[in-house]
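# Summary of the model geometry
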Amino acid sequence: MSLAASGLTLFEKIWAEHLVNQRSDRAGLIAIDRVFLHERTGGLALLGLEQARRKVRDPARVFCTIDHIVDTFPGRGDQTRMPGGCEFITSTRDAAKRAGLRLFDIGDPDQGIVHVVSPEQGIALPGLTLVCPDSHTGTVGGLGALGWGIGSSEAEHALATGTLVVDKPKTLRVSFEGSLAPGVTAKDMILALIGAHTASGGVGYVLEFAGRAVRELDIEARLTLCNMAVEFGAFSGLIAPDDKTFDYLHGRPFAPEGVAWDRAVAHWRGLVSDSNATFDREISIDASRISPRITWGTSPQHVAGIDERVPDPAAESDPRRRQAMEQALKYMDLSPGDSLSGLPIDGAFIGSCTNARLSDLRAAAKLLRGRRVAQGVRAICVPGSSRVKAAAEAEGLHQVFIEAGFQWRESGCSMCFFAGGESFGAGERVVTSTNRNFENRQGPGTRSHLASPATVAASAVAGCITDPRRLDPGTQP
């Protein structure tokens, strides 16, 4: 199908370019441009392929990183706090080397979290398809790439054939109209969407984020927005590439060069939804009315403005949602009507594939400079990649974090999720820049409140949940 055809959404253009065979009314065999693996599940896929006596079809299109299980303490190696973690690391490393893959290993200056590495290396590019055995692969939609999470068996199929059978999702355009107020971030945008339309509001859809507020976001903020499309239940999220995208990608290690770059940009400029394209569903949100958000429960949909109070489940008409709210409040040790602002905390965590890029660290450091973490608060910063860490150190940001009382770590997923290794404690209340807040996500019994890096930093200093705008005179409402 020609991209000159009218009436197509961005997703439909990418789908048409990659459709190898129409299998049914909804399912198609789709060409996969990139496969990215990590040591928690990627090694299993590679070993499964070996046991079936199959080979990776095109090793140049497959990448692997060590990020999920590896410790983030300075001086780390293959040994980890996670039981059996060393075997995951070494078996993945060995299998990746046998397959001839580009491995971002421990000690590699380009190592990092898979969804941070793929954009910063130029592995993810506009219009490409990228899969990974990880839920947040849609992050790359911030560049206009179509990414989605898969299982280990699907990873084996993609590795061996360069294709996957996919049920074609419906299209949903989410338009953030107007401009964000100072001090409000992409994290607040996606939490506002999920709070208004629930964590299942995007099930069966691929999202296209649009509108003035989205166009005004820098690329790293766009990656944050698309990262949490899956928390809305969506297949993936996309943002049409523009000059910001091209400027970001130019000169990246795996981006095209020379004449190939010029040809690529000419093609990428056509990767926008046609003006007469029809979406299956539309949502419009007034971005100017969004305030800093923080979760109060055990789902991203359990969210409110930071200056609001914990809602009363009794006001919820749906019995299942009401029960879920009641259970969440019990786990979080909160009561209806409690003020979120001022709620004492025990921990603060800045990291994850959602919010651990250089711009995130800059935003947090801006509020931490000249201040100290409150007594009794355990504060940790884990850069999203070794490149991010090096860039932050070149700017002196690490000193700001350390002098404020944060631990400054090596890159990795760290305490975004608990897999038997390091964690926060039972009953501890933590403000975190991560993407999931269900029970035990950051440790058995840990109570996690999702927020932006700025909110995490402000709360760490105050020792309680705090509106970051209070620490930045230029953003006070």
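Residues numbered from 1 in each chain as written. Predicted model: local features only at pLDDT ≥ 70, side-chain atom pairs only at ≥ 80, totals over all residues. Heavy atoms only, no water.

### A word on the overall build of the protein chain
Where we set the bar: Segments assigned H or I by DSSP are reported as helices when at least four residues long, segments assigned E as strands when at least two residues long, and all are numbered from the N terminus. Here the radius of gyration uses the C-alpha set of atoms, whereas the globule reference equals 2.2 Å times the residue count to the power 0.38. Only protein chains enter the accessibility calculation, which uses a 1.4 Å probe; a residue whose area is less than 20% of its type maximum is buried, one above 50% is exposed, and one in between is partly exposed. Any pair of residues with heavy atoms lying within 4.5 Å of one another is described as a contacting pair.
In terms of regular secondary structure, the protein chain is built from 15 helices and 19 strands. A compact globule built from 477 residues would reach a C-alpha radius of gyration of about 23 Å, and the protein chain, at 21 Å, matches this within 12%. Counting every position in the protein chain, which comprises 477 residues, the buried fraction comes to 59%. Contacts spanning at least 24 positions in sequence make up 75% of the contacts within the protein chain whose residues lie at least 6 apart.

### Some words on the pattern of salt bridges
For clarity, the threshold we go by: The term salt bridge refers to a pairing of a side-chain nitrogen on Lys or Arg with a carboxyl oxygen on Asp or Glu at a separation within 4 Å.
Throughout the structure, instances matching the rule amount to 21 salt bridges. Linking Asp58 and Arg61 is a salt bridge whose minimum nitrogen-to-oxygen distance equals 3.0 Å. Of the residues examined, Asp58 reaches a relative accessible area of 29% and is grouped as partly exposed. Judged by its relative accessible area of 36%, Arg61 is partly exposed. Residue Arg269 is joined to Asp243 by a salt bridge in which the shortest nitrogen-to-oxygen separation is 3.0 Å. Separated by 26 residues along the polypeptide, Arg269 in the loop between α10 (258-268) and β12 (281-286) and Asp243 in helix α9 (residues 243-249) bring together distant segments of the chain. Several salt bridges converge on common partners, so that one network encompasses Arg102, Asp108, Asp110 and Arg387.

### Points about the pairing of strand β9 (residues 170-177)
Remember that side chains alternate between the two faces of the sheet whenever the strand is regular. We count it as follows: DSSP calls a pair of strands paired once it identifies at least 2 bridges connecting them. We call a crossover right-handed when, viewed with both strands directed away from the observer, the connection leading from the first strand over the helix to the second proceeds clockwise.
With six bridges connecting them, β9 and strand β10 (residues 205-210) associate as parallel partners. Its bridge partner lying in β10, Ser175 is registered against Ala210. This β-α-β element, β9 to helix α6 (residues 186-197) to β10, shows right-handed connectivity. Bridge count between β9 and β12: six bridges; the pairing is parallel.

### A word on the state of the cysteines
Worth spelling out the cut-off: Two cysteine sulfurs form a disulfide in these notes if their separation is within 2.5 Å.
Following the criterion strictly, the structure yields zero disulfides and no others. Left without a disulfide partner, Cys64 is nearest to the cysteine sulfur of Cys132, which lies 9.1 Å away.

### Structural notes on the sheet that holds β9
Going by this rule: Axes here refer to lines fitted to C-alpha atoms; in helices the fit is confined to the stretch in contact. Angles between the N-to-C directions go from 0 to 180 degrees.
One open sheet accounts for four strands, arranged β11-β10-β9-β12; its pairing is parallel. Of all strands in the sheet, those bounded by a partner on one side alone are β11 (236-238) and β12. Across the sheet, the mean angle separating the axes of adjacent strands is 20° when strand polarity is ignored. Here helix α1 (residues 10-18) sits on the sheet in contact with β9, β10 and β11, set at roughly 110° to β11.

### Section: the environment of Ser414
Looking at where Ser414 falls in the secondary structure, it is placed in the loop between β17 (407-408) and β18 (429-432). Sequence separation between Ser414 and Asp218 is 196 residues; the distance between their C-alpha atoms is 25 Å. With sequence-adjacent residues up to four places away left out, Ser414 is seen in contact with Thr72, Phe349, Val382, Arg409 and Glu422.

### Considerations on the environment of Phe232
Structurally, the position occupied by Phe232 is in the loop between α8 (219-227) and β11. Those residues in contact with Phe232, other than ones at most four positions away along the chain, are Leu172, Leu193, Ile194, His197, Thr198, Ala199, Ser200, Gly201, Gly202, Val203, Leu207 and Ile283.

### Side note on the pairing of strand β15 (residues 347-350)
Neither face of β15 is left uncovered, since the one carrying Gly347 and Phe349 and the one carrying Ala348 and Ile350 both have all their residues buried. One ladder, built from four bridges, connects β15 with strand β16 (residues 378-381); its direction is parallel. For Gly347, the partnering residue across the bridge sits in β16 and is Arg378. Bridge count between β15 and β18: three bridges; the pairing is parallel. Looking across to β18, one finds that Phe349 is bridged to Thr432.

### A few points about the packing of aromatic side chains
Note the cut-off: Only Phe, Tyr and Trp rings take part, Trp by its six-membered ring, and two of them pair if their centres are within 6.5 Å. Stacked means planes under 30 degrees apart, edge-to-face means over 60, and tilted covers everything else.
Using the criterion set out here, one finds eleven aromatic pairs in the structure. Measuring from centroid to centroid gives 5.8 Å for Phe11 and Trp15, while their planes differ by 50°, and the two rings are tilted. Of this pair, Phe11 and Trp15 both sit in helix α1, four residues apart, which is roughly one turn of the helix. Its relative accessible area of 3% is what places Phe11 among the buried residues. Summarising the aromatic geometry, the rings of Phe401 and Phe406 are spaced 5.5 Å apart at their centres and angled 85° between planes, so their arrangement reads as edge-to-face.

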